[in-house]
Amino acid sequence: MNEKRGLLIGRIQPLHNGHIKVIQETLKEVDEIIIGIGSAEKSHTDSNPFTGGERILMLSKALREYNVDASKYYIIPLEDISCNSLWVGHVKMLTPPFSKVYSGNSLVKQLFKENNITVIQPPLFNRTEYSGTEVRRRMLNDEDWHSLVPKSVVKVIEEIKGVQRIQNLHKKEVSELNNKKL
Ligand code: ATP
Ligand code: MG
């Protein structure tokens, strides 16, 4: 019997409780899940502070924390390419075969649909808080972000001094902006 595999793509900057929930829910519908880490080559910017490798670490530690069976998922880094029209082929080249894509991103949905691949939009859980943008905003402003991510992700971010990185990157961007104004 063919296994039913689903593909979920996220930049995971960083991994938060919404990602865990959608992975758990998707695993009720498919035999295996492929987690594609989008923009895997990007790091050290305001919206993409963490490297592809750091995000792999967050995912594998958090999935272990939540007792997700390691034989049920694949973590695949997906680098960006400049041609949207070739992107689905690029993703298919790097991932195990899949029959469905789980995404809420409108461009991702359109590109897969144009390639006759079924796209399902999973519900968003507590989206005002469980959002990468909100976690990064709280890290930058020294507000509570621990409650939005798994404990194992707090440990990884502490290990790599992630909050300091985000705050330093932001200071650098602000000072560069000010210099340009002069
Ligand atoms: P950012 O604000 O940095 O874009 P994000 O929270 O949107 O981060 P991404 O890493 O961009 O997260 O991943 C996007 C995918 O993760 C979505 O297509 C969706 O499937 C899933 N996702 C993100 N947040 C949630 C949530 N709160 N509940 C359920 N799924 C979520
Ligand atoms: Mg997003």
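Here, every reference points to the structure presented above.
J.: So what's going on with the site of ligand 1? Residues and values would help.
T.: Residues in close proximity to ligand 1 total 19 residues, the closest being Ile12, Phe125, Arg127, Thr133 and Arg136. The backbone of Ile12 places a nitrogen or oxygen atom 2.7 Å from an oxygen atom of ligand 1. In the model, a nitrogen atom of ligand 1 is placed 2.8 Å from a nitrogen or oxygen of the Phe125 main chain. If ligand 1 stood free it would expose 600 Å²; the protein chains cover 89% of that surface. Among the cavities detected, the one that contains ligand 1 is the largest pocket. When grouped by side-chain class, the residues that make up the shell around ligand 1 number eight nonpolar, eight polar and three charged.

J.: Break down the nonpolar core for me, citing the residues and quoting the values.
T.: Leu15, Ile23, Leu63, Met139, Trp145 and Ile157 are the most contacted members of the largest nonpolar core, which has 31 residues in total. Elements supplying a minimum of two residues to this core: α1 (17-26), β2 (32-37), α2 (52-65), α5 (132-140), α6 (151-159) and α7 (162-181). Those residues in contact with Ile23, other than ones at most four positions away along the chain, are Leu8, Ile33, Ile35, Leu59 and Leu63. Of all hydrophobic cores here, the second largest spans 14 residues; its members include Ile76, Trp87, Ile117 and Val119.

Cut-offs used in this document
- Residues numbered from 1 in each chain as written.
- Chains lettered and ligands numbered in written order.
- Predicted model: local features only at pLDDT ≥ 70, side-chain atom pairs only at ≥ 80, totals over all residues.
- Heavy atoms only, no water.
- Near = heavy atom within 4 Å.
- Polar contact = N/O pair within 3.5 Å; in protein donor to acceptor, adjacent residues only side chain to side chain.
- Areas by Shrake-Rupley, 256 points an atom, 1.4 Å probe, with all protein chains shown as cover.
- 1 Å grid on protein atoms, 1.4 Å probe; cavity = no way out; pocket = protein on both sides within 12 Å on 5 of 7 lines; lining within 4 Å.
- Sits in = over half its atoms within 2 Å of the grid points.
- Nonpolar A, V, L, I, M, F, W, Y, C, P; charged D, E, K, R; others polar.
- Core = buried A, V, L, I, M, F, W, Y, C linked by side-chain atoms within 4.5 Å.
- Buried < 20%, exposed > 50% of the residue type's maximum accessible area, 1.4 Å probe, protein only.
- Helix = DSSP H or I, 4+ residues; strand = E, 2+ residues; numbered from the N terminus.
- Contact = heavy atoms within 4.5 Å.

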